[in-house]
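# Summary of structural features
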Amino acid sequence: MSKKIAIITGASSGLGREFARQIDEIDGLEEIWLIARREDRLLELAAELKTATQIMALDLLREKSFDILESELKRQKPVISILVNNAGKGKAGSFTSTDREYDSEVVLLNVQAVMLLTKIALPFCERGTRILQISSVAAFMPQPGFSVYAASKSFVLFLSRALNEELRQQGITVTTVCPNPMETEFFVNSEGSKNISRIKSLGLEKPQKVVRVALSRSARGKDISVSCFAAKTIRVIAKIFPHRIIMRVISWLVN
Ligand SMILES: NC(=O)c1ccc[n+]([C@@H]2O[C@H](COP(=O)([O-])OP(=O)(O)OC[C@H]3O[C@@H](n4cnc5c(N)ncnc54)[C@H](OP(=O)(O)O)[C@@H]3O)[C@@H](O)[C@H]2O)c1
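First, a word on scope: everything that follows refers to the structure included in this document. (Residues numbered from 1 in each chain as written. Predicted model: local features only at pLDDT ≥ 70, side-chain atom pairs only at ≥ 80, totals over all residues. Heavy atoms only, no water.)

## Remarks on the nonpolar core
One recurring pattern in soluble globular proteins is that nonpolar side chains are buried together. Residues Ile7, Leu73 and Ile80 are the most contacted members of the largest nonpolar core, which totals 26 residues. Listing elements by their share of this core, those giving two or more residues are strand S1 (4-9), strand S2 (31-36), helix H3 (63-76), strand S4 (79-85), helix H4 (100-121) and strand S5 (125-134). In terms of residue count, the dominant contributor to this core is H4 (6 residues). In this view, Ile80 contacts Ile5, Ile7, Leu73, Ala121, Phe124, Cys125 and Thr129; residues no more than four positions away in its chain are not counted. Ranked by size, the runner-up nonpolar core spans 25 residues in total, among them Ile23, Leu29, Ile134 and Met182. (Core = buried A, V, L, I, M, F, W, Y, C linked by side-chain atoms within 4.5 Å. Buried < 20%, exposed > 50% of the residue type's maximum accessible area, 1.4 Å probe, protein only. Helix = DSSP H or I, 4+ residues; strand = E, 2+ residues; numbered from the N terminus. Contact = heavy atoms within 4.5 Å.)

Written out as structure tokens, the structure is:
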């Protein structure tokens with residue numbers, strides 16, 4: 001019989017590492033596949049988990065990494081019980097201030113990698129499989145000053161909600177997770193160490209809670225997970241008011 005596995009990208013720090021720790025507590029999983037570039041971090045994490053692991057030190061900016069992953073899936077033929085598409089990057093700044101290479105990497109990692117890995121994984125999913133796609137509160141509307149990142153996360157939100165509907169008959173749940181800012185390596189790098197904006201600092205979430213709520217909502221077949229009051233408020237505001245007006249207010253508050 002095929003072994004039941006979980007796959008987590010970006011497991012070497014922040015939210016991904018927390019997903020690994022909480023998924024480790026789920027019964028019935030035989031292996032957790034941990035993906036990121038920093039192998040030493042993955043090995044450290046693997047040592048603290050009860051569940052067996054497979055370490056895959058892959059750079060998801062390289063298309064070859066997806067060939068490696070697909071061949072491994074075809075060779076071992078596991079059932080993917082949980083897939084967490086979590087690896088991501090982004091940097092605050094005006095569109096003209098961020099460099100071309102960096103922005104291309106944001107699109108490759110946040111958009112293309114999520115799409116490719118989901119496609120590669122689906123043949124190994126079955127009724128009951130849970131896919132969690134890590135988006136952001138930034139997905140709810142365009143964000144001047146964080147434009148490429150916010151647009152990349154909107155892609156994840158729209159792709160994943162559509163997939164959830166497409167896969168409903170097959171009993172596969174796709175839950176899009178939209179956290180508010182969390183104080184991880186991402187947050188420090190994306191905002192620059194000098195000034196973490198006061199507005200963003202107000203609604204800082206703890207990765208532990210984001211993961212707990214996300215896993216609970218995905219277990220209940222929900223298509224979206226928003227785990228704090230501030231993010232829920234932003235979502236409602238983005239639905240009610242014209243984005244043009246909200247963007248003006250944000251620009252005014254931030255500058
Ligand atoms: N922190 C926030 O404020 C916040 C808010 C909303 C949403 N999010 C989203 O949450 C997710 C996790 O972010 P985080 O806050 O936990 O940040 P983090 O601590 O910086 O984690 C990012 C993870 O992505 C991996 N990664 C980066 N580039 C990669 C590449 N080329 N190939 C493979 N893996 C790569 C990193 O591992 P290696 O460096 O070892 O490769 C790391 O494990 C991201 O999708 C982010 O957009 C974050």
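## Quick word on the site of the ligand
Surveying the vicinity of the ligand reveals 30 residues, the closest of which are Ser13, Arg37, Asn86, Tyr149 and Thr184. At 2.8 Å, a side-chain N or O of Ser12 approaches an oxygen atom of the ligand. Measuring from an oxygen atom of the ligand, one finds a side-chain N or O atom of Ser13 at 2.7 Å. Protein chains shield 95% of the accessible area of the ligand, which is 890 Å² for the free molecule. Looking at the shell around the ligand, the elements that each hand over two or more residues are helix H1 (14-23), helix H5 (147-166) and helix H6 (185-191). Element by element, the count of residues in the shell around the ligand is highest for H6, at 3 residues. Of the residues belonging to the shell around the ligand, the class tally is 15 nonpolar, 10 polar and 5 charged. (Near = heavy atom within 4 Å. Polar contact = N/O pair within 3.5 Å; in protein donor to acceptor, adjacent residues only side chain to side chain. Areas by Shrake-Rupley, 256 points an atom, 1.4 Å probe, with all protein chains shown as cover. Nonpolar A, V, L, I, M, F, W, Y, C, P; charged D, E, K, R; others polar.)

## So, empty space enclosed by the protein
It is the rolling of a water-molecule-sized probe over the atoms that shows where space remains empty. Tallied over the entire structure, the rule returns 1 cavity of 30 Å³ or more. If you trace the largest cavity, you find 13 residues lining it, with Lys91, Thr98, Asp103, Val148 and Tyr149 closest to the centre. Sorting the residues of the lining of the largest cavity by element identifies H4 and H5 as the ones contributing at least two each. Counted by class, the lining of the largest cavity contains 6 nonpolar, 5 polar and 2 charged residues. (1 Å grid on protein atoms, 1.4 Å probe; cavity = no way out; pocket = protein on both sides within 12 Å on 5 of 7 lines; lining within 4 Å. Points joined across faces, edges and corners; volume = space filled by probe spheres on them.)

## Looking at the pairing of strand S3 (residues 52-57)
Bridge analysis of S2 against S3 gives 6 bridges, and the strand direction is parallel. Counted as the bridge partner of Ile35 is Met56 from S3. For the crossover that starts at S2, traverses helix H2 (residues 39-48) and ends in the parallel S3, the hand is right-handed. (Pairing = 2+ DSSP bridges. Right-handed = clockwise from strand over helix to strand, strands pointing away.)

## Some details on the sheet that holds S5
Ordered by their spatial adjacency, 7 strands build an open sheet running S3-S2-S1-S4-S5-S6-S7, and the pairing between neighbours is parallel. The open sheet has two edge strands, S3 and strand S7 (224-225), and neither has a second partner. The sheet strands contacting H5 are S5, strand S6 (173-177) and S7, and the helix crosses S6 at an angle near 155°. (Axes fitted to C-alpha atoms, helices over the stretch in contact; angles between N-to-C directions.)

## Thoughts on the side chain of Ser160
Tracing the sequence through the fold places Ser160 in helix H5. Once residues within four sequence positions are removed from consideration, Ser160 is found in contact with Gln133, Val174 and Thr176.

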